[in-house]
Amino acid sequence: MQTVKMVITGPFSAGKTEFIRSISEIEVVSTEREITTPAEKRQKDVTTVAMDFGRITVDDDLVLYLFGTPGQRRFDFMWEILAEGMLGFVVMVDSSKPETFREAKSILETFRAYAPTPYVVAANKQDHPDAWSAEDLRIALRIEEGVKLLPCVAKDKESVKNVLLELLYSILEEMDT
Amino acid sequence: MPLKGELRDFSTTQLLNLINLAGKTGTLTIFKANKSGEFEEVNGKKREKITAGPERAKVSFRTGKLIYAMMDGQDGNLVSVLNKAGKLTDEQARIIRERAKNTTDKALALLLINANYVSQNDVVSCIQQHTLDVVYNLLSWNQEPFRFDDDVLPDNNRIQVPIDLENVIIEGARRIREIEELNQHLPNLDMALKFPENPKEKFKGIHLSVEEWRVVSFVNPKNSIRQIAKANNMSEIEIRRIVYGLEQAGLVELVKPPGMEQSVAAKTARRPAPAKPQVQKVVVNRLIDKIRSI
Ligand SMILES: Nc1nc2c(ncn2[C@@H]2O[C@H](COP(=O)(O)OP(=O)(O)O)[C@@H](O)[C@H]2O)c(=O)[nH]1
Ligand SMILES: [Mg+2]
């Protein structure tokens, strides 16, 4: 059986878990939650590998795994491991939170340095009244013309499908060159 | 949907750049930053939440050009602008204000020009200067909440003198004092610079200072920013400020110099390079079919 993986990355609260949850056929194993007490915080540092994990079964011999990266920087040692062998990645951005744009761009650059795979940027939470449009985000984040920047609502399955399909189309194109 | 945010996350310079590149028409409103006493976590760091207080400034744009600005109630009406620039004495200003209460700025400008009080050139340059003063002032603000409303423009009685934003952005960057901000935007002086795709078009109508020209003359993917600074005898701060301005105005782009690529490659060679997935087209096509069918 062949398994392939894609990575869903982006800042904390960008909508990674929601995105994977919308399309995964299994309940998303999410280990990330509010850290409240210092004791819990300590414990979390030692014990938890915070990441989401979703699955889409194509048939008996092909399975796609979706990995959501932990948004917090202190887990970024995990990123490189996750990035290994990935087919492509999605950078999720909370379009309504400009305070996270800089972080989103920095995460994008970090992932791009790990592997030369295709990626798309999802301008998430387009249903939010404060959401910046995809076109404005492209300029704000300085995303090159050749990179797809897709409006997204992670709660909406059709929207998530569209993002994954666009990523797959980019992967196909890349194979042709 | 209006664009909303805070200048501490998205600076005035970045906003001007966005408005310029997107060719936007509308009005940017900046509010007083009121501390809320509540805290929020942003990118893993705690900070105090800000709420929007009263309006402090308004700046309007038409198709990406600056056309109007006002700050803290000084709305930049023609008489006060000419008065401030010394083109009208206080006494003249007082009399005109009294007699021309209900005259629009446009009509008033015609009257003043016809009566030889001022020239057309005075009117244009004083209004332009007023607008620029407000905007340059705004560039040093680094906390305030803002909102950009598409297609909202000042009333038509105003004399609007369109100003290209590229020059404003460059001049603005010249005025940015905070080294920290520059450091943040340009963390690595080992990067090199290259010209954009259509340099001729971009440079058209741009006024560069001598310092900027000195940097521009060294732009080459082989020269690191650090080397350019050294060749020009510039400090880190000076070179950062200039490169930042040129980059924000889209006149240069950052690239990795050839040496740097090598050292990154050398670094990655130490551990097994991430294997390129051995995936065939047929697999990708199956994934596509599956996701379409969900
Ligand atoms: N309005 C709206 N809210 C969203 C969307 N996607 C995620 N959220 C909400 O944003 C919050 C953070 O989402 P989550 O998936 O946990 O973010 P993560 O930290 O990236 O995994 C949650 O409250 C979600 O319900 C969206 O497209 N629209
Ligand atoms: Mg999550």
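The structure we're discussing is the one just above.
Residues numbered from 1 in each chain as written. Chains lettered and ligands numbered in written order. Predicted model: local features only at pLDDT ≥ 70, side-chain atom pairs only at ≥ 80, totals over all residues. Heavy atoms only, no water.

Q: Please clarify how the interface of chain A and chain B should be interpreted in this entry.
A: Note: interface size is frequently given as the accessible area lost on complex formation between the parts. Taken together, the contacts link 44 residues of chain A with 41 residues of chain B. Summing both partners gives a buried area of about 3,900 Å² for chain A against chain B, and 61% of it is carried by carbon and sulfur. Among the residues chain A hides against chain B, the three largest losses belong to Glu99(A), Arg102(A) and Trp132(A). Together they make up 16% of the total. At the boundary of chain A with chain B, the tally comes to 6 salt bridges. Viewed at the interface, chain B and chain A are joined by 12 residue pairs in polar contact (both at pLDDT 80 or more). For the side of chain A that touches chain B, the class distribution of residues is 22 nonpolar, 7 polar and 15 charged. (Contact = heavy atoms within 4.5 Å. Buried area = accessible area lost by both parts, 1.4 Å probe. Salt bridge = Lys/Arg side-chain N within 4 Å of Asp/Glu carboxyl O. Polar contact = N/O pair within 3.5 Å; in protein donor to acceptor, adjacent residues only side chain to side chain. Nonpolar A, V, L, I, M, F, W, Y, C, P; charged D, E, K, R; others polar.)

Q: Would you mind going over the pairing of strand β5 (residues 145-150) of chain B with me for this structure?
A: Side-chain direction in a regular strand flips from residue to residue, so the side chains alternate between the two faces of the sheet. All names here are of chain B. In the sheet, strand β1 (residues 3-6) pairs with β5 via 4 bridges, with the strands oriented antiparallel. Its bridge partner lying in β5, Gly5 is registered against Phe146. Here strand β2 (residues 26-42) runs beside β5; their pairing, made up of 5 bridges, is antiparallel. Across the sheet, residue Gly26 finds its bridge partner in β5, namely Asp150. (Pairing = 2+ DSSP bridges. Helix = DSSP H or I, 4+ residues; strand = E, 2+ residues; numbered from the N terminus.)

Q: Hey, could you run me through helix α6 (residues 157-176) of chain A in this one?
A: Residues and elements named next belong to chain A. Between its terminal C-alpha atoms α6 stretches 29 Å, which fits the 28 Å expected from 20 residues at 1.5 Å a residue. Those residues of α6 lying buried are Ser159, Val160, Lys161, Val163, Leu164, Leu165, Leu167, Leu168, Ser170, Ile171 and Leu172. At the N-terminal boundary of α6, the capping side chain belongs to Asp156, with an oxygen 3.1 Å from the backbone nitrogen of Glu158. (Expected span 1.5 Å × (residues − 1). Buried < 20%, exposed > 50% of the residue type's maximum accessible area, 1.4 Å probe, protein only.)

Q: Please clarify how the packing of aromatic side chains should be interpreted in this entry.
A: The way to describe two aromatic rings as a pair is by their centre distance and the angle between their planes. All names here are of chain A. With the rule as written, the count across this model stands at 12 aromatic pairs over all chains. Aromatic side chains Phe53 and Phe67 sit 5.4 Å apart centroid to centroid with 40 degrees between the ring planes, which places their arrangement in the tilted category. In this pair, Phe53 is assigned in strand β2 (residues 52-59) and Phe67 in strand β3 (residues 62-68), connecting sequence segments 14 residues apart. A ring pair is formed by Phe89 and Phe111, whose centres lie 5.4 Å apart and whose planes are at 40 degrees; its orientation type is tilted. With Phe89 in strand β4 (residues 88-94) and Phe111 in helix α4 (residues 101-114), this pair connects stretches of sequence that are 22 residues apart. Look at Phe111 and you get buried, because its relative accessible area is 0%. An aromatic cluster is defined as three or more aromatic residues linked by ring pairs; in this entry it consists of Phe89, Phe111, Tyr114 and Tyr119. (Phe/Tyr/Trp six-rings, centres within 6.5 Å; stacked < 30°, edge-to-face > 60°.)

Q: Before we go on, may I ask you to explain the site of ligand 1 in this structure?
A: Residue and element names in this part refer to chain A. Every one of the 15 residues lining ligand 1 counts as a neighbour, but Ser13, Lys16, Thr17, Glu18 and Asp127 are closest to it. The contact in question runs from an oxygen atom of ligand 1 to an N or O atom on the backbone of Ala14, over 3.2 Å. At 2.8 Å from an oxygen atom of ligand 1 is found a side-chain nitrogen or oxygen belonging to Lys125. Of the residues forming the shell around ligand 1, the biggest block, 3 residues, is contributed by helix α1 (residues 16-23). (Near = heavy atom within 4 Å.)

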